[in-house]
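# Structural overview
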Amino acid sequence: MDVILHLGAHRTGTTTFQHFVRGHTRTLEENGIGFWGPGRTRKSVFPGMFHNIPPRAPQRADGRVRLLTAKAEARGIAKLLVSDENMLGSCTYGFRHATLYPAVGERMARIAAAFGGRVSRVVLSIRAQDLWWASASALTAARGHKIHDAAKYARIAQNTRSWRDVITDLARAVPGADIRIMPFETFAGRPERMLQEAVDLRLPGKPQMLWLNRSLPLNDLRGVLADQGSDPTLLPRGQGRWQPFTTAQAAALREHYSDDLHWLTAGADGLATLTEDEIRKRAGPSLPPAQETKGHEHDQRQVARFS
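Residues numbered from 1 in each chain as written. Predicted model: local features only at pLDDT ≥ 70, side-chain atom pairs only at ≥ 80, totals over all residues. Heavy atoms only, no water.

A word on the pattern of salt bridges. This structure, assessed with the given rule, holds 14 salt bridges. Across the pair Asp84 and Arg42 runs a salt bridge whose closest N-O atoms are separated by 2.9 Å. With a gap of 42 residues between them, Asp84 in the loop between strand E3 (79-83) and helix H5 (91-97) and Arg42 in helix H3 (residues 38-45) connect regions that are remote in the sequence. With a relative accessible area of 39%, Arg42 lands in the partly exposed category. Residue Arg254 is joined to Asp130 by a salt bridge in which the shortest nitrogen-to-oxygen separation is 3.1 Å. Here Arg254 is found in helix H13 (residues 247-265), whereas its partner Asp130 is found in helix H7 (residues 129-142), with 124 residues between them in sequence. For Arg254, a relative accessible area of 41% corresponds to the partly exposed category. Linked by salt bridges that have partners in common, Lys79, Arg121, Asp178, Arg180, Arg193, Glu197 and Asp200 make up one network. (Salt bridge = Lys/Arg side-chain N within 4 Å of Asp/Glu carboxyl O. Helix = DSSP H or I, 4+ residues; strand = E, 2+ residues; numbered from the N terminus. Buried < 20%, exposed > 50% of the residue type's maximum accessible area, 1.4 Å probe, protein only.)

Moving on, we get to the pairing of strand E1 (residues 2-8). Counting buried positions along E1 yields 6 of 7 residues, so the element is predominantly enclosed. Alignment of E1 against E3, held across 5 bridges, turns out to be parallel. Bridging from a neighbouring strand, His6 pairs with Ser83 of E3. Here 5 bridges tie E1 to strand E4 (residues 119-126), and the two strands are oriented parallel to one another. Across the sheet, the residue bridging to Ile4 is Arg121, located in E4. (Pairing = 2+ DSSP bridges.)

This paragraph deals with the packing of helix H4 (residues 57-74) against helix H6 (residues 104-114). The geometry of a pair of packed helices is captured by two quantities: the angle between their axes and the separation between those axes. In contact at an axis separation of 8 Å, H4 and H6 are set at 45° when each is read in the N-to-C sense. Relative to H6, the element H4 lies oblique. Two secondary-structure elements touch here, H4 through Pro58, Asp62, Val65 and Arg66 and H6 through Arg110, Ala113 and Ala114. For the contact of H4 with H6, a count of residues per class yields 4 nonpolar, no polar and 3 charged. (Axes fitted to C-alpha atoms, helices over the stretch in contact; angles between N-to-C directions. Parallel < 35°, antiparallel > 145°, perpendicular 65-115°, else oblique. Contact = heavy atoms within 4.5 Å. Nonpolar A, V, L, I, M, F, W, Y, C, P; charged D, E, K, R; others polar.)

Bringing the sheet that holds E4 into the picture now. What the 6 strands build is an open sheet, ordered E2-E3-E1-E4-E5-E6; its pairing is parallel. Since the sheet does not close on itself, it has two edges, and those belong to strand E2 (33-36) and strand E6 (273-274), each with one partner. Each of E1, E2, E3, E4 and strand E5 (178-183) touches helix H11 (residues 191-199); the most contacted strand, E4, lies at about 150° to it.

A few words on helix H1 (residues 14-22). If you check which residues of H1 are buried, you get Thr14, Thr16, Phe17, Gln18, Phe20 and Val21. Among the structural elements, E1, helix H2 (25-30), E2, H3, E3 and H11 are those in contact with the buried residues of H1.

For the rest of this paragraph, the subject is the side chain of Arg107. Counting through the fold element by element, Arg107 comes out in helix H6. This buried residue, Arg107, is left without a salt bridge; Asp84 holds the nearest opposite charge, at 7.6 Å. Arg107 has contacts with Phe50, Asn86, Met87, Leu88 and Gly89, leaving out every residue within four places of it along the chain. (Lys, Arg positive; Asp, Glu negative; His and termini not counted.)

So, about H4. A turn of α-helix holds 3.6 residues, and therefore any two residues three or four places apart point the same way. Between its terminal C-alpha atoms H4 stretches 26 Å, which fits the 26 Å expected from 18 residues at 1.5 Å a residue. Along its buried surface, H4 packs onto E2, H3 and H6. (Expected span 1.5 Å × (residues − 1).)

To continue, consider the packing of aromatic side chains. All told, the structure shown has 9 aromatic pairs when counted by the stated rule. Ring geometry for Phe46 versus Phe115: centroids 6.4 Å apart, planes at 90°, classification edge-to-face. Separated by 69 residues along the polypeptide, Phe46 in the loop between H3 and H4 and Phe115 in the loop between H6 and E4 bring together distant segments of the chain. Among the residues examined, Phe115 registers a relative accessible area of 2% and is labelled buried. Where Trp132 meets Trp133, the ring centres are 4.9 Å apart and the plane angle is 90°; that geometry is what we call edge-to-face. (Phe/Tyr/Trp six-rings, centres within 6.5 Å; stacked < 30°, edge-to-face > 60°.)

What follows concerns the pairing of E2. For a regular strand, side-chain orientation follows a simple rule: the groups alternate between the two sheet faces. Residue alternation in E2 divides its side chains into two sets, Ile33 and Phe35 and Gly34 and Trp36, and both sets are buried. Direction of pairing for E2 relative to E3: parallel, over a ladder of 4 bridges. Residue Trp36 lies in a different strand from E3, and its bridge partner there is Val82.

A few words on the nonpolar core. Note that soluble globular proteins tend to have their nonpolar side chains buried in a common cluster. Within the largest apolar cluster, 68 residues are counted, with the highest numbers of intra-cluster contacts made by Leu5, Met108 and Phe115. Apart from the residues lying within four places of it in its own chain, the contact partners of Leu5 are Val82, Met87, Met108, Ile111, Phe115, Val119, Arg121, Val122 and Val123. Met194, Ala198, Val199 and Leu203 belong to the second-largest nonpolar core, a separate cluster that totals 17 residues. (Core = buried A, V, L, I, M, F, W, Y, C linked by side-chain atoms within 4.5 Å.)

The structure is reproduced here in structure tokens:
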């Protein structure tokens, strides 16, 4: 049995994907595919794996993963899809260290070992860092966590760790796994495409343009803080998306993301594969049929016609 890990990351459509998969579990089972989502992984699979309280909790967690995996295989499951963004770590832990998933290597190595070398594929979605941190800020604030000050966001913007580093740590932790990277900007709201990438199963029908658990805009977020008894004036004035970075800081983070995408497009040193979007067609070596007459002269005639 192969184990496929869908890691998220957070704020890249994971809730949408998990909701979509739960709605198609029967079809998946008919194709020999099992599914563990956060409702199972956080309650009965991974608890204790990363904390030694109570004593020997990680060892018990390892044994539990092996036992549950063996049961799934005994039921005839050929592929086990495990989807939980917390496998990477938490957003709050990232804020504490002002960097992207600093413990991903250690965490994923433990998970891979618990599955006994069965992890054959890993699917990771990435997102422009300025918007990823902004979305994570809105999420954690809505859940009652600390609203960070300008100094924290300056530290985040100055940190050079990027998705390339996360992917490199991941490749070292799960050697031999097929690591597939799906940019959020391309695949947001398309869980059926993510499922196809994960388990090689294309569901019939039209694409599902779903997008659940979006970040709250500033107006709604202020209302949540007021309901919590927190100070809504800690948030900036205005409406729309909360962007906690200055213009210069956001630009620096976007530049890191551009470097990440360039590295992935160039082959990612053989560590991972950047998923292409088959809907968007690239330009071919020649013009499409019946287009040969349209060009500079055609544009001039059009201008003369309507002037």
